[in-house]
Each structure stands twice: as structure tokens, then as C-alpha cells.
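Working through the structure, step by step
Below are the chains, spelled out letter by letter.
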Amino acid sequence: MIETEARVLRCEGRQAWVEVRPHTPCGQCDPVRGCRSLSLARTFQRGTPSFAVDNPLAARPGDWVVVAVRPRSVLHSALLLYALPLAALLAGALLGAAFSETLSVLLALAALAISLLAVRQYSRRARNLSAFHPVITRFVQPDSVRNASSCRH
């Protein structure tokens, strides 16, 4: 499982909205400027990002928890989002290249657009598959530190 620590912000039914704890430097970061990918992400974010996760442990607002996602679902998603559109783009370009450069460009763009629509459609269906949901796996703090507010299932 791919895991990270997060703080529960609020609960809605069987889901909790969490804010991921900023990570510590990995050793690959620039000592002066810090993590470049994290800096870039912060440039485009508005406010504090929060995410909905499955909450089988009934974590409460204020709890620090570990959120996990299956590595296979991350790999599957990465291949779907990156490899499929790229493969479609190349296939369209190669197919059209047999006829003309203009047709090659048009088929490449058409294949890319179709693959992106297919990815979008699949993503809508996959949203309901539990294999793709991040889930709270354990508490970081002991139960005695837990906040008094509660989440109802």
C-alpha cells in the first residue's frame, strides 16, 4: 500500500475529508529552494487541498490517520491516463502517415481526443469501484487523544 499521514477535517457518512500532512524532504530536494515539484503544486492550489477517503475506522475530525491506496490502482490509473492517450496519438499519426502529413496530424488528434473521452468515461465508472478509493487504515495518535466530535455512519 502507498501510505501518507493526514488529518481528518470533517466526516460525511462513510467518508472523511482529510488534509494530507506535508511530507519531509526526500533528500533529492534543493537545500535552498526545497522540493520543486511541491513548490509547483502549491503554485496552482487554492487554499488547503482536501480529499474524500473511505473511513472504515470511524475517524473523527481532528484525528491524525494513515491514508492508503493500492499500488496496483495507482499504476493502473497512470497507465490509463498517460500511456493510453500517448499510444492513441502515435497510432493515429502512424496510420495517417501512410497517406499524407495532414491526415497524419488529423488522425493523431482525433485518436487522442477519442482516447481522452474513453479515459473520462472509464473514470466515471471507476469512481464507484472500491479498489480505486483511498482508505483510512490506522490512527497515528492513540485513541485517548481523539477529539470528542463524531462521525455518523
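Residues numbered from 1 in each chain as written. Predicted model: local features only at pLDDT ≥ 70, side-chain atom pairs only at ≥ 80, totals over all residues. Heavy atoms only, no water.

Considerations on helix H2 (residues 71–97)
Residues spaced three or four apart along an α-helix point in a common direction, a consequence of the helix completing one turn every 3.6 residues. In plain terms, the rule: The secondary structure listing takes helices from DSSP runs of H or I that are at least 4 residues long and strands from runs of E that are at least 2 residues long, numbered from the N terminus. A helix is expected to reach a length of 1.5 Å times the quantity of its residues less one. In this analysis the local bend is the angle between axes fitted, respectively, to the seven residues ending at and the seven residues starting at the residue. Think of it in three bands: with a 1.4 Å probe and only protein chains considered, a residue is buried below 20% of the maximum accessible area for its type, exposed above 50%, and partly exposed in between. Two residues form a contact once any of their heavy atoms are found within 4.5 Å.
Over its 27 residues, H2 extends 38 Å from the first C-alpha to the last, a length consistent with the 39 Å expected when each residue adds 1.5 Å. Leu80 marks where H2 bends most, by close to 30°. Within H2 the residues assigned to the buried category are Ser73, Leu80, Pro85, Ala88, Gly92 and Gly96. Among the structural elements, strand E4 (64–69) and helix H3 (101–126) are those in contact with the buried residues of H2.

Some remarks on the confidence of the model for the chain
Stated precisely, the cut-off is as follows: Each residue carries a pLDDT value, the predictor's own confidence for that position, ranging from 0 to 100.
Taken residue by residue, the chain gives an average pLDDT of 82. The fraction at 70 or more is 74%. Mean pLDDT values for the elements of the chain range from 59 in helix H1 (residues 36–44) up to 94 in H3. Scored below 50 in pLDDT, residues 143–150 makes twelve contacts in the model with residues more than four places away or belonging to other chains.

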